[in-house]
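# Examining the three-dimensional arrangement
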Amino acid sequence: MGKVVVLQECGSTNIEAADKESYSHGDVVRAICQTAGRGQRGHKWDSTPGENLTFSLVWEPSFLHVSQQFLISEAVALAITDTLAEYGIEAQIKWTNDIYIGERKICGILIEHSLCGASLSRSIVGIGLNVNQTEFPQWVSNPDSMAVEAGCKFDVDEVFGRLYINLARRYEMLSAGDYAAIRADYYGRMFRRDVGARFFIPEEGEVFGKIRGVEDNGALIVEIEGLCRSFLFKEIEFII
Ligand code: BTN
């Protein structure tokens, strides 16, 4: 177990946790209030202070080749859905790693890797899990929270404790090389897998297809008009 540092306020926990002098494998920086929370694709991450979980965990998975980095995303998404399931909330993983309940997003993940040669040296795993927030700014699309789903409030520290244990458990699967089980579990919880749905492909427009899986490099495999095609991040969008 690493150390868990709780800050009353900081800009972004991902930036705090990037300090190699202060944080190493298994350590966590948690913020009650993030003033400059960061999301994917340069978006901001909004979270009402004290109501939710906003933290970054440091992993040092030097046993993984850079081409295997998607395993980190899978393990983290699984740990979050494991935790929600412990509270009776069935969540799905929307590729690459958003956590959804139905068509609404309950948790965002921002993972930033550093490399040493061709191996991963350090991964900053930023997690924003909506726990007790029930009102959201208008610009946040399809927000959800544990409280919205369950109709009651939760002990945020307890949710963190369970999530931390599940993250460690999923990491152990990675370090044991249990990649097939990670992939099987990811497939079992994948949003819209094998379900016909509309997607947007830049330069092609709207298409109809079925998600069939992911490549080892994380590319999404979608069957479109009988042909399986692979798409990297930003090459395809869900139409929700
Ligand atoms: C997303 O866009 O879905 C990813 C959101 C990630 C938010 C978390 S909150 C803790 C950590 N610190 C940040 O600045 N971002 C991540």
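One can find the structure itself at the top, above this paragraph.
This report concerns the structure included in the present document. (Residues numbered from 1 in each chain as written. Predicted model: local features only at pLDDT ≥ 70, side-chain atom pairs only at ≥ 80, totals over all residues. Heavy atoms only, no water.)

## Description of the site of the ligand
The criterion, for reference: Throughout, the term near means that a residue has one or more heavy atoms lying within 4 Å of the molecule or strand in question. For this analysis, a polar contact is any N or O atom pair within 3.5 Å, provided that within protein one partner can donate a hydrogen and the other can accept it, and provided that sequence-adjacent residues contribute only side-chain to side-chain pairs. Each accessible area is a Shrake-Rupley estimate made with a 1.4 Å probe; only the visible protein chains count as cover when residues are assessed. Secondary structure counts use DSSP, requiring at least four H or I residues in a row for a helix and at least two E residues in a row for a strand, with both numbered from the N terminus. Ten residues, namely Ala, Val, Leu, Ile, Met, Phe, Trp, Tyr, Cys and Pro, are considered nonpolar, four, namely Asp, Glu, Lys and Arg, are considered charged, and the remaining ones, Gly among them, are considered polar.
Surrounding the ligand, one finds 20 residues, the nearest of these being S12, Q34, R38, Q40 and K105. Measuring from a nitrogen atom of the ligand, one finds a side-chain N or O atom of Q34 at 2.8 Å. One of the backbone nitrogen or oxygen atoms of Q40 is found 2.7 Å away from an oxygen atom of the ligand. Here the ligand, which alone exposes 420 Å², has 98% of that area covered by the protein. At the level of secondary structure, the elements contributing two or more residues to the shell around the ligand comprise α1 (13-17), β3 (53-59), β6 (104-116) and β7 (119-129). The element best represented in the shell around the ligand is β6, accounting for 4 residues. Among the residues making up the shell around the ligand, the classes are represented as 5 nonpolar, 12 polar and 3 charged.

## Looking at the pairing of strand β9 (residues 205-214)
Rules: Any two strands with at least two DSSP bridges between them are considered paired.
Where strand β8 (residues 196-201) lies against β9, 6 bridges are found, and the strand directions are antiparallel. Each bridged residue has a counterpart across the sheet, and for I201 the counterpart in β9 is G205. Taking the residues between adjacent antiparallel strands as the criterion, β8 and β9 are bridged by 3 residues, where E203 takes a positive phi near 80°. In this sheet, strand β10 (residues 220-224) lies alongside β9 in antiparallel orientation, the contact comprising 4 bridges. Directly across from G213, in β10, lies its bridge partner I221. Here β9 hands over to β10 after 5 residues, with G218 in that stretch at a positive phi of 95°.

## Side note on the sheet that holds β9
The 5 strands lie next to each other as β11-β10-β9-β8-β12, forming an open sheet whose pairing is antiparallel. Bordering the open sheet on either side are β11 (227-231) and β12 (237-238), each of which pairs with just one other strand.

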